[in-house]
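As a plain string of letters, each chain reads:
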Amino acid sequence: MQEQGRQPGLDLAQLGRPQLQQVLDRNAGHGDLPKPRSTGGWPLHRNCNAKLSLRDLAETLLSRGLVFSHEAVREWEAKVAPLLTDALRRRRRGTVGRSWSVDETYLKVGGRWCYLHRAIDSDGALGEVYLSEHRDQVAAEQFFHSAVAVTGRMPETVTTDKHAGYPPAIKQVFGDAAEHRTSKFKDNHLEQDHRGMKGRTRPMRGFQLPDSAHLFCRAHDEVRNFLRPATRRNQHVPTARRRAIYVRRDAALRDMLAVA
């Protein structure tokens with residue numbers, strides 16, 4: 001019996017970029033993609049989520065009968081990750097709160113330290129992720145413009161540290177529409193949230209190119225935000241419900257990623 005809502009035999013790996021984007025947009029978050037023949041998305045899903053290097057990932061999945069090199073994951077990531085990221089970003093547009101916490105964490109790219117700007121709302125939902133080689137007013141303005149474009153919302157309050165680039169950037173982008181607050185204590189939850197990104201990138205030992213680093217960080221944070229079971233900060237989610245949410249959303253992501 002054919003499973004309802006699926007189209008057996010459709011090989012998503014053969015779709016062009018426009019057709020693949022249409023499929024992802026239609027099914028983002030619902031888990032009802034046509035069942036693919038390819039297993040390439042499985043390693044890519046684990047690469048976005050598991051705390052493993054690419055070589056560790058290849059060895060771990062070898063026991064499942066998936067034989068591939070770490071370079072194959074890079075190729076799948078370059079093809080599919082931007083499409084998945086765009087689909088998930090469209091899905092959450094208009095849902096982010098209006099109280100933002102903004103901060104940066106450090107990533108090593110090509111042997112140099114770069115700044116990963118991140119924003120989350122008061123409930124811990126992802127706002128935006130933006131990699132920059134500099135930490136100044138220009139970088140802050142670019143980050144805020146990108147955040148507004150992605151979320152479709154203007155914040156009412158923006159909490160940052162006391163870096164000198166933030167006040168003029170907030171004034172330039174938001175004018176008087178947003179209140180700027182500076183407090184390292186009010187940003188503690190964002191500092192803790194950085195640990196998810198730092199924990200994932202540490203086994204990778206840095207990136208070689210800014211574009212690949214930006215692509216991966218956005219894909220990782222979008223997947224992590226999608227799998228997040230809580231809808232507000234400090235919310236208690238019972239273990240049974242947490243597992244059910246994870247299994248359902250994990251299945252949706254695996255369907256979306258099994259395209260390479």
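Look a little higher up for the structure.
Here is a short report on the structure shown in this document. (Residues numbered from 1 in each chain as written. Predicted model: local features only at pLDDT ≥ 70, side-chain atom pairs only at ≥ 80, totals over all residues. Heavy atoms only, no water.)

**Some details on helix α8 (residues 210-227)**
Definition in use: Secondary structure elements follow DSSP: runs of H or I no shorter than four residues count as helices, runs of E no shorter than two count as strands, and numbering proceeds from the N terminus. One fewer than the residue count of a helix, multiplied by 1.5 Å, yields its expected span. Buried means the residue's accessible area, taken with a 1.4 Å probe over protein chains only, is under 20% of the maximum for its type, while exposed means over 50%, and partly exposed covers the values in between.
Over its 18 residues, α8 extends 26 Å from the first C-alpha to the last, a length consistent with the 26 Å expected when each residue adds 1.5 Å. Those residues of α8 that fall on the buried side of the exposure criterion are Ala213, Phe216, Cys217, Arg218, Ala219, His220, Asp221, Glu222, Val223, Asn225, Phe226 and Leu227.

**As for unusual backbone geometry**
Of note in the backbone geometry, Asn234 takes a positive phi value of approximately 60° without being a glycine. Tracing the chain through its elements places Asn234 in the loop between α8 and α9 (239-257). Taking relative accessible area as the criterion, Asn234 reaches 78% and is therefore assigned exposed.

**Digging into the nonpolar core**
Under the convention used in this document: Working definition of a nonpolar core: buried Ala, Val, Leu, Ile, Met, Phe, Trp, Tyr and Cys residues. They are joined through side-chain atoms within 4.5 Å. Any two residues whose heavy atoms approach within 4.5 Å at even a single point are treated as in contact.
Among the nonpolar cores identified, the biggest contains 16 residues, and Trp100, Val102, Phe143, Phe144, Val158 and Phe174 are the most heavily contacted of them. Only β1 (99-109), α5 (137-151) and α6 (166-174) provide two or more residues apiece to this core. Per-element tally for this core: the top contributor is α6, with five residues. Among residues more than four places away in sequence, those in contact with Phe174 are Trp100, Phe144, Val148, Met154, Pro155 and Val158. In terms of nonpolar packing, the next biggest core, distinct from the first, is built from twelve residues, Cys114, Val129, Phe216 and Cys217 among them.

**Side note on the packing of α5 against α6**
Put simply, the rule reads: Structural elements are reduced to axes, namely lines fitted to C-alpha atoms, with helices fitted over the stretch in contact, and the angle between N-to-C directions of any two is expressed from 0 to 180 degrees. For classification purposes, angles smaller than 35 degrees are called roughly parallel, those larger than 145 roughly antiparallel, those between 65 and 115 roughly perpendicular, and all remaining angles oblique. Left-handed describes a crossing whose near helix is turned anticlockwise from the far helix through less than a right angle; right-handed describes the clockwise counterpart. Polar here means any residue other than Ala, Val, Leu, Ile, Met, Phe, Trp, Tyr, Cys and Pro, which are nonpolar, and Asp, Glu, Lys and Arg, which are charged; Gly is therefore polar.
It is the contact of α5 with α6, at a shortest axis distance of 8 Å, that shows an interaxial angle of 40°. Viewed along their axes, α5 and α6 adopt a mutual orientation that is oblique. As α5 packs across α6, the resulting crossing turns out to be right-handed. Facing α5, whose interface residues are Gln137, Ala140, Glu141, Phe144, His145 and Val148, α6 presents Tyr166, Pro168, Ala169, Ile170, Gln172, Val173 and Phe174. Taken together, the residues that form the contact of α5 with α6 break down as nine nonpolar, three polar and one charged.

**Topic: the packing of aromatic side chains**
Using the following cut-off: Paired rings are identified among Phe, Tyr and Trp, the last through its six-membered ring, by centres lying within 6.5 Å, and are further divided according to the angle between planes into stacked (under 30 degrees), edge-to-face (over 60) and tilted (the rest).
A full pass over the atoms with the stated rule returns six aromatic pairs. A ring pair is formed by Trp100 and Phe174, whose centres lie 6.3 Å apart and whose planes are at 85°; its orientation type is edge-to-face. With a gap of 74 residues between them, Trp100 in strand β1 and Phe174 in helix α6 connect regions that are remote in the sequence. Here the two residues Trp100 and Phe174 agree in accessibility, since each one is buried. An aromatic cluster is built from Trp100, Phe143, Phe144, Tyr166 and Phe174, whose rings are joined through pairwise contacts.

**A short note on the packing of helix α7 (residues 188-201) against α8**
Their axes nearest at 11 Å, the elements α7 and α8 cross at an angle of 125°. When the axis of α7 is compared with that of α8, the two are oblique. Note on packing geometry: the crossing formed by α7 with α8 is right-handed. Of the residues in α8, those touching α7 at Asp193, Gly196, Met197, Arg200 and Thr201 are Phe216, Cys217, His220, Asp221 and Arg224. Looking at the contact of α7 with α8 residue by residue, the classes come out as three nonpolar, three polar and four charged.

**Regarding the pattern of salt bridges**
So the rule is basically this: Whenever Lys or Arg places a side-chain nitrogen within 4 Å of a carboxyl oxygen from Asp or Glu, that contact is recorded as a salt bridge.
This model, assessed by the stated rule, comprises eleven salt bridges. Taking the shortest distance from any N to any O, the salt bridge between Glu128 and Arg89 comes out at 3.0 Å. A residue pair is termed long-range when its members are at least 10 positions apart, and Glu128 in strand β3 (residues 126-132) and Arg89 in helix α4 (residues 70-91) qualify at 39 residues. Residue Glu128 shares its accessibility class with Arg89, and that shared class is buried. The partner of Arg224 in a salt bridge is Asp193, and the shortest N-O contact between them spans 3.5 Å. Of the two residues, Arg224 is situated in helix α8 and Asp193 in helix α7; the sequence distance between them amounts to 31 residues. Among the residues examined, Arg224 registers a relative accessible area of 29% and is labelled partly exposed. Several salt bridges share partner residues, and in doing so they unite Arg89, Arg92, Glu128, Arg218 and Glu222 into one network.

Note that all results are geometric; they support no functional claim without further evidence.
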